[in-house]
Amino acid sequence: MFDEFGKADVLRLAEAPMPEPRPGDLLVKVMAAGVNRADLLQRQGYYGKQSYGESELLGLEVAGEVIAAGRDVTDVRPGERVMAIVGGGAYAEYARVDRGMAVRIPEGLDYVGAAAVMESFVTAWEAAVHLGGAGKGLAVLIHAAAGGVGSAGVEIAHALGAWVFATANAERRADVVALGADAVFDYRSEDFEQGVCEATGGSGVDVIVDFVGGDYLARNLRSLAPGGRLVQVGLLGGQDSTTIPLALLLHNHLRLIGTVMKSRTAEEKRAMVRRFSEGALPMFADGRLKPLVGKVFPLSEAAQAHRCMEAGGGFGKIVLDTAA
């Protein structure tokens, strides 16, 4: 926990009350927790005193063993392994989990790997598949493909049989290709719009998942095939307003779709998890999808895990191992 906003040094280990499950909750012994950019922002005071609705403790995704269930939960028993998205509280030995936000961990997937799944893959499935319609034989462009959600999007699109293009820095090109991308454009030195045009013979791609925004928007629309879908997930570029070719949007009947998990209702979030469970979870069981784990730290070194994320340059999820 932390007593004041600030640098990673404010994080400290402390005793906290055992969370109490509500009727629809699970009480989970946390074996591993994923580290997300939102954790850093919360620690820095970006969200002020606002929490994610569940706990003031950091952490949005857990993997662990169920030790108790609320009275309304009839389909999960103590002893089962689950991975879940939580509204805070993952950086702890025990966490309270909404049953609708949890799924069983597939056999063959350990706790550290499971802790690297939910935030990235649920968001990527929602954007690329549910909203974007990515599938077999379609052309898909995934931006920021070396990031957590972007890399998951590449894996998913490839597993579904799509023709996958991506943007990343040149140092990560081979890593992104290894995930299933057919071509990767260096966002610093290459023009992805030109690259997509040449690779598709001018046809464009059917789906784009973008985390950057700003001047990418117009370039994305020009890179879409008629009837194509652009799913806007983030604004990493920091630019909220931009100019777009509206005539192209109209004449090519393009669709621009915005999505973010944080502002969704609890039931909408549960629906996202259900869609992921039905569509993507079987692909973890048979090996078509795999979690991408970068570095692992013990819970006592959460501050160092945050510094590692802030330093950047890594590939794969940073995970806290509470059993270490």
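As a convention, each chain's residues are numbered from 1 in the sequence order in which they are written. Only residues with pLDDT of at least 70 get local features here, since the model is predicted, and only at 80 or more are side-chain atom pairs given and counted; chain-wide, interface and lining totals rely on the full set of residues. The basis for the side-chain values is all heavy atoms of the structure; hydrogens and waters are excluded.

Under an unreviewed UniProt entry, the chain has the name NADPH:quinone oxidoreductase and belongs to Ancylobacter defluvii.

Participant: I'd love a proper account of the layout of surface pockets, names of residues and values included.
Facilitator: Its volume calculated, the second largest pocket comes out at about 790 Å³. Grid points spaced at 1 Å over the protein atoms alone were grouped into cavities, where a 1.4 Å probe fits but cannot get out, and pockets, open sets with protein on both sides within 12 Å along at least five of seven lines, with lining residues defined by an atom within 4 Å of a point. Lining the second largest pocket are 29 residues; nearest its centre among them are Ala16, Leu57, Tyr91, Ala92 and Glu93. Only DSSP runs of H or I reaching four residues or more are called helices, and only runs of E reaching two or more are called strands; each is numbered from the N terminus. Breaking the lining of the second largest pocket down by element, the ones donating at least two residues are β4 (94-98) and α11 (302-311). No other element matches β4, which puts three residues into the lining of the second largest pocket. For the lining of the second largest pocket, the class distribution of residues is 18 nonpolar, five polar and six charged. Grid points are joined across faces, edges and corners, and a volume is the space filled by probe spheres set on the points. Three classes are used: nonpolar for Ala, Val, Leu, Ile, Met, Phe, Trp, Tyr, Cys and Pro, charged for Asp, Glu, Lys and Arg, and polar for all others, with Gly counted as polar.

Participant: I'd love a proper account of the pattern of salt bridges, names of residues and values included.
Facilitator: Counted as salt bridges are all cases of a side-chain nitrogen of Lys or Arg within 4 Å of a carboxyl oxygen of Asp or Glu. Scanning all chains against the criterion turns up 20 salt bridges. In this structure, glutamate 61 engages lysine 317 in a salt bridge whose closest nitrogen and oxygen atoms are separated by 2.5 Å. Here the residue glutamate 61 occupies a position in strand β2 (residues 61-69), and lysine 317 occupies one in strand β13 (residues 317-321), the gap between them amounting to 256 residues. For the residue pair glutamate 61 and lysine 317, the accessibility class agrees, reading buried in each case. For aspartate 75, the salt bridge goes to arginine 99, with nearest N and O atoms at 2.9 Å. Of this pair, aspartate 75 sits in the loop between β2 and β3 (81-85) while arginine 99 sits in the loop between β4 and β5 (102-104), placing them 24 residues apart in sequence. Per-residue accessibility, obtained with a 1.4 Å probe over protein chains only, is compared with the maximum for each type, and a residue is labelled buried under 20%, exposed over 50%, and partly exposed between these values.

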